Amino acid sequence: MVRQREKESRRVAASAIGGSPTRHVVGHEDIRERLAGVFRTGRAAHAYLFSGPRGVGKTAIALEFAALVLCDREEPTACGTCRQCLSSGELQHPDLHLLFPLPSKKAGSADDDEREFASLISSHKAALAHNPYMSSKPAKAKDIRIGLVRTLLHRTAIKPFQASRKVVVVLNADTMNDATQNALLKALEEPAPDAYFLLTTENEGGLLPTIRSRCQRIRVSPLTSHEIAGALVQSGTPEEQAILAAAMGDGSFSRALELSAANLSELQQRVIGFLRASAMCDPMELQTSASALLDTGHLPEEIALEFLGLFLRDVAVLRASGQQGSHLFLFHGFQETIQGVLTSYPQADFEEAVRAVDRAADFLGRGYTREWVLYALAIRLHECLGPRASSNTKSTQKQHA
Ligand SMILES: [Zn+2]
């Protein structure tokens, strides 16, 4: 619905999903079973490239596969209890080499730089082990350093330290510049028999064709709302909140996780407040409700407009299907308000109202002044709602409903 995702906050509530990554991959059973199958029958490729949009589980799948490759037991999935699994689950396995983008080097002492980045790498690894759906890029990260790739290739050229194989996982592989990609390419061209390379990317075009052709490509598609909602409920999110967050997740578990950690019912109230002020076209009310609407905490502002669009969608569902459609409502617990809007504005064009909200979200994403965007939207919503029914008409309609 809202196309501008760039400004989206990268923070994901790590607490919402716990434990080792091997136990927490959402969906994608087909990919995971296929990978495990080819590995267990000795037909696995030495390099895989997982590509797909943000938050769909590329890192989680890669880390789960890495755990399987390192596990001591010959079971269909990593056992989760052997020595290898215990350290790979924490991303502390000496034969699991993890690369991700880092911020640029700072001017000053090289030693300080090394120390700072060693600590950043270690804390980011710990966070990823806890939640493989968080952003694989630490804050301000730019690219994968060539020095780290060279050091890593040197290490992978020797025998594994602890397991019988070694795995290199390169997250956001497209952030390597050409020189870094070429350094990695050498290893991909002549992989040691016991080495596996797992690359992830949201942007395949950012990789050299030579890298792409050396990897078996696996497309990781967006998840279904059902899969996301199920996983959120399992991680302790109340069902109604999970369904709403999943519907707004656009197939991204990371995004849904982020939404599910927010106070969505408060945001729902604000959306209704803004719609009420638009209906009345009261400047004072509008000023207050517009600022409240855009106060979304760490969530992107566009989220507020997505909510508004979902509320209007619920009203449209009620008009089209009557109460039988109420199980489709995303604004659970707001049935009376939804019914009230429908009864009060019998001539409203809710479909056009949803389109107006979409356009406003686009303007916000393009950086237009937010207050103006909301005022323009309020006027448009006022027009779309049409005249308010008199109380007589309302009571007649209620009897019919
Ligand atoms: Zn194991």
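See the structure shown above.
Overview of the structure. Small disclaimer: the values here were computed from a predicted structure and weren't measured.

Before going further, it helps to spend a moment on the overall build of the chain. Each helix and strand counted, the chain has 17 helices and 5 strands in total. Looking at the 401 residues of the chain, the share that counts as buried comes to 53%. In the chain, of all internal contacts separated by at least 6 residues, the share reaching a separation of at least 24 is 75%.

To continue, consider the environment of Leu259. The residue Leu259 is located in helix α10 (residues 253–260) in this model. Note on Leu259: relative accessible area 1%, which makes it buried. The spacing of Leu259 and Ala245 is 14 residues in sequence and 5.5 Å in space, taken between C-alpha atoms. Leaving out residues up to four positions away in the same chain, Leu259 has contacts with Gln241, Ala245, Met248, Gly249, Leu264, Leu299 and Ile303.

Right, let's get into unusual backbone geometry. Phi is positive for Asp250, which is not a glycine, with a value near 55°. Within the secondary structure, Asp250 is located in the loop between α9 (239–247) and α10. For Cys281, which is not glycine, the phi torsion reads 55° and is therefore positive. Relative to the assigned elements, Cys281 resides in the loop between α11 (264–280) and α12 (283–294).

Taking strand neighbours across the sheet as the criterion, the 5 strands line up as β2-β3-β4-β1-β5 in an open arrangement whose pairing is parallel. Both edges of this open sheet fall to β2 (96–99) and β5 (216–219), since each of them pairs with a single strand only. Adjacent strand axes in the sheet meet at a mean angle of 15° when their direction is disregarded. Note: strand β3 (residues 166–170) against strand β4 (residues 195–201), 5 bridges, orientation parallel. Looking at β4, one finds that Val170 is bridged to Leu199. The strands touched by helix α6 (residues 178–189) within the sheet are β1 (47–51), β3 and β4, with β4 carrying the most contacts at an inclination of about 135°.

Rules used in this analysis
Counting from 1, residues in each chain are numbered in the order their sequence is written. Whole-chain, interface and lining totals are the exception, using all residues; otherwise, since this is a predicted model, local features are given only for residues with pLDDT of at least 70 and side-chain atom pairs are given and counted only at 80 or more. Hydrogens and waters are ignored; side-chain quantities use all the structure's heavy atoms. Helix and strand definitions follow DSSP, with helices as H or I runs of at least four residues and strands as E runs of at least two, each counted in order from the N terminus. The cut-offs for exposure are 20% and 50% of the maximum accessible area for each residue type, with area from a 1.4 Å probe on protein chains only; residues under the lower value are buried, those over the upper are exposed, and the others partly exposed. When checking whether two residues touch, look at their non-hydrogen atoms; a contact exists if any pair is within 4.5 Å. At least two DSSP bridges between two strands are required for those strands to pair. Axis definition: a line fitted to C-alpha atoms, over the contacting stretch in the case of helices. Angles run 0 to 180 degrees between N-to-C directions.

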